[in-house]
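Coordinate inspection notes
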Amino acid sequence: MFIRKTEEKDLPSIELIYACARAFMRQSGNGGQWGEGYPKREKLLDDISRGYSYLCQEGNDILAVFSFCPSPDPTYAKIENGTWLNDEPYRVIHRMAAGKRRSGAASFCLGWCFKQCRNIRIDTHKNNAPMLGLINKFGFKYCGIIYTDDGSPRLAFQKKI
């Protein structure tokens, strides 16, 4: 497996991965995190144009996609019922989704992210058991609650190596 920046030509493949991820979330009792059509194509194109969108690939198969954005992240400016581990520059992982073809792709993505930056923040819905398991596996610390642009609460985590 390897990580590369997403290109606009990858949109059909990553939109399919996101559609599969939304269906999996609904089946797993987490239908509230990503509504139908999230993330919007405009957001995906914005991530690609800014150089924030990455995908995990094996051979010609795209296995996973995620955004890896530099700080500051406006949604992390305010945190409730806790505090961030530090105020140092960080990167944030958003919109991580893996397809069904190969297990371990999400773990590979997180491992790659820590090779790029040693101070990472991430958030997820309280009902996203697979992501919570991955966050725990990688030793993130729970920091509090943040709110997305639409006002939805998310559990926020941070890890510094």
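Up top is the structure these notes are about.
Residues numbered from 1 in each chain as written. Predicted model: local features only at pLDDT ≥ 70, side-chain atom pairs only at ≥ 80, totals over all residues. Heavy atoms only, no water.

Turning to the pattern of salt bridges, a few remarks are in order. Side chains that carry opposite charge are capable of pairing whenever their charged atoms lie near each other. As enumerated under the stated definition, the model contains 10 salt bridges in all. Taking the shortest distance from any N to any O, the salt bridge between Glu 15 and Arg 41 comes out at 2.8 Å. Placement of Glu 15 in helix H1 (residues 11–27) and of Arg 41 in helix H2 (residues 41–50) is noted, with a sequence separation of 26 residues between them. Take Glu 15: its relative accessible area is 26%, and that puts it in the partly exposed class. Residue Arg 41 is classed as partly exposed on the basis of its relative accessible area of 40%. Overlapping salt bridges, with partners in common, bring together Lys 43, Asp 46, Asp 47, Arg 50 and Arg 95 in one network. (Salt bridge = Lys/Arg side-chain N within 4 Å of Asp/Glu carboxyl O. Helix = DSSP H or I, 4+ residues; strand = E, 2+ residues; numbered from the N terminus. Buried < 20%, exposed > 50% of the residue type's maximum accessible area, 1.4 Å probe, protein only.)

On to the sheet that holds strand E2 (residues 53–58). In spatial order, the strands read E1-E2-E3-E4-E5-E7-E6; together these 7 strands make up an open sheet with mixed pairing. For this open sheet the edge positions go to strand E1 (2–5) and strand E6 (141–147), each flanked by a neighbour on one side alone. On average, each strand axis in the sheet is inclined to that of its neighbour by 30°, with strand direction left out of account. As defined by bridge partners, E6 adjoins strand E7 (residues 153–160) across 6 bridges and the pair is classed as antiparallel. When the sheet's bridge partners are listed, Lys 141 is paired in E7 with Gln 158. Packing of H1 onto the sheet brings it into contact with E2, strand E3 (61–70) and strand E4 (91–98), and relative to E3 it is tilted by some 90°. (Pairing = 2+ DSSP bridges. Axes fitted to C-alpha atoms, helices over the stretch in contact; angles between N-to-C directions. Contact = heavy atoms within 4.5 Å.)

Attention now goes to unusual backbone geometry. Across residues other than glycine, the phi torsion is negative in most instances, and most of the peptide bonds are trans. The omega torsion of the bond from Ser 71 to Pro 72 falls at 0°, within 30 degrees of zero and hence cis. Examined against the element boundaries, Pro 72 turns out to sit in the loop between E3 and E4. The backbone of Arg 95 shows a phi angle near 55°, a positive value even though the residue is not glycine. Within the secondary structure, Arg 95 sits in strand E4. Exposure remark for Arg 95: the relative accessible area of 10% places this residue in the buried category.

One finds Phe 66, Phe 68, Ile 93, Met 96, Ile 120 and Phe 140 to be the most contacted residues of the largest nonpolar core, which totals 24 residues. Breaking this core down by element, the ones donating at least two residues are E2, E3, E4, helix H3 (105–116), strand E5 (119–124) and helix H4 (129–137). It is H3 that contributes the most residues to this core, 6 residues altogether. Counting 13 residues, the second largest nonpolar core, distinct from the first, contains Ala 21, Met 25, Trp 34 and Ile 48. (Core = buried A, V, L, I, M, F, W, Y, C linked by side-chain atoms within 4.5 Å.)

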